[in-house]
Amino acid sequence: MAHDFDKLTQYAKSFSGLTPELESFLIEAGTEIKPKLGGITDSFYEHLLSIPEAKSFLEDRVESLKSMHKRWLEGLFTGPYDPAYTEHMYKVGDVHVKVNLPVEFMAGAMTLINNRLIELVVDNFGDNKERCAQILVAISAITGMSLLIMQQSYQEASLAEELEKFLKISGMSRTLFTNLAAAYK
Amino acid sequence: MRSDMLTSILTDLNGSSADIEASGVISTDGLMMAAVLPANLDEDRVGAMSAAMLSLGDRTAQELARGDLEQVLIKGEKGYVLMTYAGKEAVLTTLAKPNAKLGLIFLDVKRAAANIAELL
């Protein structure tokens, strides 16, 4: 199924409030923040491993996941926050469905990441209240946008998976299902 | 041409019993091939719903070890819906009145389904 990632980017930005100004704050702050993101990734996975329900999804894969996670975190402070970024996050959501990750893990993980980023930003920019607030709002906007895209993808992939299951059980062909749906438009 | 012949079989079927109200020949993908339906029935819906029901009936017969599906019969307070394969690629759907004599209708439908299968 082809997706309009340009449209999804605008949609996600309209909710998260990621404006060009906030994007520039992220990129500016990135110079100071990016070298410290490795610590956030380590602490994030350490926390996840302490949650029994999450641990089973991580075992044996933590190191490879960590390197992907760090690359994504760096991307938050690099940009561009364009349709290609949206497409990437969409694929991440899709992969989460394929590995049967419970839906709440995405929101939970994003909360953990935000908690750590807030701490890092306050540590590094706390002496300038206005700048600190701008960066925090920008981080909230980009992580919110990322979560929205992943959830959108997760929802569509879940529905597609459920439909496949239904078609298999009912013996209906995809064409028949499409014709049935079209008859009730 | 073929559509006219299908319509002719359906017209004969509808005329064979005063209890038969409507009938249609539908592809197993749910598309109407020919129909003699009252104006208040949507051809697309009758077609898709019939094929879907037959498909479900097929699976149910398999799952519950009832052998190859012969027909699906639905009884509502306002009458019957009977769905029968007409060959491997088509479904014959017949709507009948609530007090219909089913034995006779089964016979007429079976004959019509065989004629349709031969034509297709």
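Look up a bit, the structure's there.
Definitions and cut-offs
Residues numbered from 1 in each chain as written. Chains lettered and ligands numbered in written order. Predicted model: local features only at pLDDT ≥ 70, side-chain atom pairs only at ≥ 80, totals over all residues. Helix = DSSP H or I, 4+ residues; strand = E, 2+ residues; numbered from the N terminus. Buried ≥ 20, exposed ≤ 12 C-beta atoms within 10 Å, placed from the backbone. Contact = placed C-beta atoms within 7 Å. Pairing = 2+ DSSP bridges. Axes fitted to C-alpha atoms, helices over the stretch in contact; angles between N-to-C directions. Nonpolar A, V, L, I, M, F, W, Y, C, P; charged D, E, K, R; others polar. Core = buried A, V, L, I, M, F, W, Y, C linked by C-beta atoms within 7 Å. Parallel < 35°, antiparallel > 145°, perpendicular 65-115°, else oblique.

Student: Would you mind going over the overall build of chain A with me for this structure?
Tutor: Within chain A, the secondary structure is distributed over nine helices and zero strands. Residue burial in chain A is summarised as follows: out of 185 residues, 25% are buried. Residue pairs at least 24 apart in sequence account for 84% of intrachain contacts in chain A once pairs closer than 6 positions are excluded.

Student: So what exactly am I meant to see when it comes to the sheet that holds strand S5 (residues 90-96) of chain B here?
Tutor: Either a parallel or an antiparallel arrangement is found when strands of a sheet pair, and the pairing is made through backbone hydrogen bonds. Residue and element names in this part refer to chain B. The strand order S2-S1-S5-S4-S3 describes an open sheet built from five strands, whose pairing is antiparallel. Both outer strands of the open sheet, strand S2 (32-36) and strand S3 (71-76), are each paired with one neighbouring strand and no more. Between one strand axis and the next, the sheet turns through 10 degrees on average, direction left out of account. Relative to S5, strand S1 (residues 20-27) runs antiparallel, the two being bridged by seven bridges. In the sheet register, Val25 faces S5, and the bridge partner there is Leu92. Strand contacts of helix H1 (residues 2-16): S1, S2 and S5, with the helix running at about 35 degrees to S2, the strand carrying the most contacts.

Student: Looking at this model, I keep getting lost on the pairing of S1(B). Mind explaining?
Tutor: Two faces belong to every sheet, and in a regular strand the side chains alternate between them. All names here are of chain B. The element S1 is extensively covered by neighbouring structure, given that six of its eight residues are classed as buried. Where S1 lies against S2, four bridges are found, and the strand directions are antiparallel. Among the inter-strand pairings, Ile26 is bridged to a residue of S2, identified as Met32. Linking S1 to S2, which pair antiparallel, is a turn of four residues; within it Gly30 sits at a positive phi near 95 degrees.

Student: I keep staring at the interface of chain B and chain A and nothing clicks. Help me out?
Tutor: Put simply, an interface is often sized by how much accessible area is lost when its parts join up. Contact residues are listed per partner, giving twelve residues for chain B and eleven residues for chain A. Here the residues of the side of chain B that touches chain A sort into five nonpolar, two polar and five charged.

Student: Would you mind going over the nonpolar core with me for this structure?
Tutor: In summary, soluble globular proteins display a tendency toward joint burial of nonpolar side chains. Residues B:Val25, B:Ala86, B:Val91, B:Leu92 and B:Ile116 are the most contacted members of the largest nonpolar core, which totals 37 residues. Every element with two or more residues in this core is listed here: helix H9 (174-183) of chain A together with H1, S1, S2, helix H2 (43-63), strand S4 (79-85), S5 and helix H3 (102-119) of chain B. A:Ile33, A:Met89, A:Ile139 and A:Leu147 belong to the second-largest nonpolar core, a separate cluster that totals 32 residues.

Student: Please explain unusual backbone geometry as it appears in this structure.
Tutor: The bulk of non-glycine residues show a negative phi, and the bulk of peptide bonds are trans. Residues and elements named next belong to chain A. Between Gly79 and Pro80 the backbone carries a cis peptide bond, its omega angle lying at -10 degrees. Assignment of secondary structure puts Pro80 in the loop between helix H5 (62-76) and helix H6 (83-98). One non-glycine residue, Asn100, lies in the positive phi region at around 60 degrees. Position of Asn100 relative to the elements: it lies in the loop between H6 and helix H7 (104-125).

Student: Explain the environment of A:Gln151 to me, please; I cannot follow it from the model alone.
Tutor: Residues and elements named next belong to chain A. With respect to the element layout, Gln151 can be found in helix H8 (residues 129-170). With 48 residues separating them along the chain, Gln151 and Val103 place their C-alpha atoms 7.9 Å apart. Not counting chain neighbours up to four residues away, the residues in contact with Gln151 comprise Gly93 and Met106.

Student: Any chance you could explain the packing of helix H2 (residues 20-33) of chain A against H8(A) here in plain terms?
Tutor: Residues and elements named next belong to chain A. One way to put it is that H2 packs onto H8 with a least axis distance of 9 Å and a crossing angle of 105 degrees. Here H8 runs roughly perpendicular to H2, going by the angle between their axes. For the pair H2 and H8, the contacting residues are Leu22, Phe25, Leu26 and Ala29 in the first and Gln134, Ile135, Val137, Ala138, Ala141 and Ile142 in the second. Classifying every residue of the contact of H2 with H8 gives nine nonpolar, one polar and no charged.

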